[in-house]
Amino acid sequence: MLSPIITEDELKLWNEVADHCHRAVVTAHAAPDGDAVGSSLALAGYLRSRGIEVKVVLPDSLPEFLTWLPGAGDIICYDVSPDEAVKAIGEADVIYCTDFNNLSRINDLADAVVRSEAPRVMIDHHLPDADQAVPMGEVLKVCRPDFTSASEVLFHLLWQAGYFSAMTRDEAVCIYCGMMTDTGCFAYNSARPEVFFVVSELLTKGFDRDKVYRNVFYNYSKHRVRLTGYILYHKLHFYKHLRACYYTLTGDEMRRFSFQRGDAEGIVNTGLIVKGMKLSVAFREDTEKGVIRVSLRSVDDFPCNKLAAEYFGGGGHLNASGGEYRGTMEEAVATLNKAVEAYRDQLL
């Protein structure tokens, strides 16, 4: 059995908010990943079971490897349909925010959320940003940084609310996908026994976990496969005498390989399969936003979230974090060189 993650008063508030809601919007962070999409779709399914009209509104389009998720075809993406997205938010009685804790994480969609007078409910698993430039202003916050994912937080919440027996197969698939992708297929941030209790319960809903894995990880284009080979052979750099590596990916290189959203997902993890490696970093040029996207992965006790916060204005989890750099790729790499030197003792 699972222990409660919110108080009885918070559970009462959770139910009261839903009871008085007729139209809800569920939203998640920009550049949505498996957890953002999975938790959003599962939450939307639950809210619909309570008779609520629900729209899932995301800042950006989904990567191709997530479009198979049940309900993904109905998601409203601001980058494709900005007027429809803003209208949905303006009409919502409640705004549910999953997998983020700072409105700056939803980019231009934040303006519509800020203008809305609807109460906000936050379901997340990230540590709070040191500088929360755009506060959430939530009436209820359910945040557990010790959990694998927002999807796992949602499962615990729905379990406590007594919903599990009514949970559908599609909702279970979405939650499982979110947990699986946010842990690198349970390779990190998943040491708690409760994680696998949740997985075992989800599997009672009758979906094929192996097919979920194939849908996500055996669903690449030829361009993505060749891009991976290019990065590993030509771009992956290892620090001499230190257990760290990085690669860079420029706009020109992405165009060369017909880059699509999500094509770089997970490649940063590959550096960690080298024996003894503790830190792997990926730099990707975002030509639309004019920044360098930074992804960091680590193993054991190396705090890549601390490094991300100190040097790239980001954060996240101990072993999986992100940030960004405003400048040239060369300057971004030089900043990493300084960071690696500062953390030298932990990377020897």
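Residues numbered from 1 in each chain as written. Predicted model: local features only at pLDDT ≥ 70, side-chain atom pairs only at ≥ 80, totals over all residues. Heavy atoms only, no water.

Colleague: So what's going on with the sheet that holds strand E11 (residues 315-316)? Which residues, and what values?
Modeller: The strands that make up a sheet pair up through hydrogen bonds in the backbone, lying either parallel or antiparallel. If you trace the 6 strands from one edge of the open sheet to the other, you get E7-E8-E9-E10-E12-E11, paired in mixed fashion. The open sheet has two edge strands, strand E7 (237-238) and E11, and neither has a second partner. Pairing of E7 with strand E8 (residues 244-249) involves 2 bridges; the strand directions are antiparallel. Opposite Phe238, over in E8, you have Cys245 as the bridge partner. (Pairing = 2+ DSSP bridges. Helix = DSSP H or I, 4+ residues; strand = E, 2+ residues; numbered from the N terminus.)

Colleague: Quick one: what's the story with the environment of Tyr325, residue by residue and with numbers?
Modeller: Residue position: Tyr325 is located in strand E12 (residues 320-325). Relative accessible area serves as the criterion here: at 19%, Tyr325 is assigned to the buried category. C-alpha of Tyr325 to C-alpha of Ala42: the two residues are 283 residues apart in sequence and 33 Å apart in space. (Buried < 20%, exposed > 50% of the residue type's maximum accessible area, 1.4 Å probe, protein only.)

Colleague: I'd like to hear about a nonpolar patch on the surface, residue by residue, with values.
Modeller: Taken together, the side chains of Phe238, Ile273 and Val274 define a hydrophobic patch exposed on the protein surface, amounting to about 300 Å² of accessible area. In this structure Ile273 comes out as exposed when scored by relative accessible area, which is 70%. (Patch = residues over 30% accessible without salt bridge, like charges linked within 9 Å, V, L, I, M, F, W, Y side chains within 5 Å. Areas by Shrake-Rupley, 256 points an atom, 1.4 Å probe, with all protein chains shown as cover. Salt bridge = Lys/Arg side-chain N within 4 Å of Asp/Glu carboxyl O.)

Colleague: Outline the state of the cysteines, supporting the account with residue identities and numerical values.
Modeller: Here a disulfide denotes one covalent bond, and it connects the sulfur atoms of two cysteines. Applying the stated criterion to the full structure yields 0 disulfides. Left without a disulfide partner, Cys143 is nearest to the cysteine sulfur of Cys97, which lies 12 Å away. With no disulfide of its own, Cys245 has Cys304 as its nearest cysteine by sulfur position, at a separation of 12 Å. (Disulfide = S-S within 2.5 Å.)

Colleague: Any details on helix H6 (residues 169-182)? Residues and values, ideally.
Modeller: Along its 14 residues, H6 runs 20 Å from first to last C-alpha, staying within 8% of the 20 Å computed at 1.5 Å per residue. Every buried residue of H6 is listed here: Glu171, Ala172, Val173, Cys174, Ile175, Tyr176, Cys177, Gly178, Met179, Met180, Thr181 and Asp182. In the core, the buried residues of H6 are packed alongside helix H2 (34-49), helix H5 (150-160), helix H7 (193-203) and helix H8 (209-217). Once H6 finishes, Gly184 follows within two positions and takes phi at roughly 60°, a positive value. (Expected span 1.5 Å × (residues − 1). Contact = heavy atoms within 4.5 Å.)

Colleague: Explain the nonpolar core to me, and be specific about the residues and the numbers.
Modeller: Counting residues in each nonpolar core, the largest one holds 62 residues, and the members touching the most others are Trp14, Tyr96 and Leu202. Within the second largest apolar cluster, 24 residues are counted, among which are Val281, Val294, Leu296 and Phe312. (Core = buried A, V, L, I, M, F, W, Y, C linked by side-chain atoms within 4.5 Å.)

Colleague: Quick rundown of the packing of aromatic side chains? Include the residues and the values.
Modeller: What characterises a pair of aromatic rings is the spacing of the ring centres plus the angle enclosed by the ring planes. Within this structure, the stated rule accounts for 18 aromatic pairs. Arranged with centres 5.6 Å apart and planes meeting at 65°, the rings of Phe155 and Phe164 form a pair that is edge-to-face. Its relative accessible area of 1% is what places Phe155 among the buried residues. Members of the aromatic cluster, each reached through a chain of ring pairs, are Tyr239, Tyr246, Phe283, Phe312 and Tyr325. If you follow Arg224 out to its NZ or CZ, it ends over the ring of Tyr220, 3.9 Å from the centre. (Phe/Tyr/Trp six-rings, centres within 6.5 Å; stacked < 30°, edge-to-face > 60°. Lys NZ or Arg CZ within 6 Å of the ring centre and 35° of its normal.)

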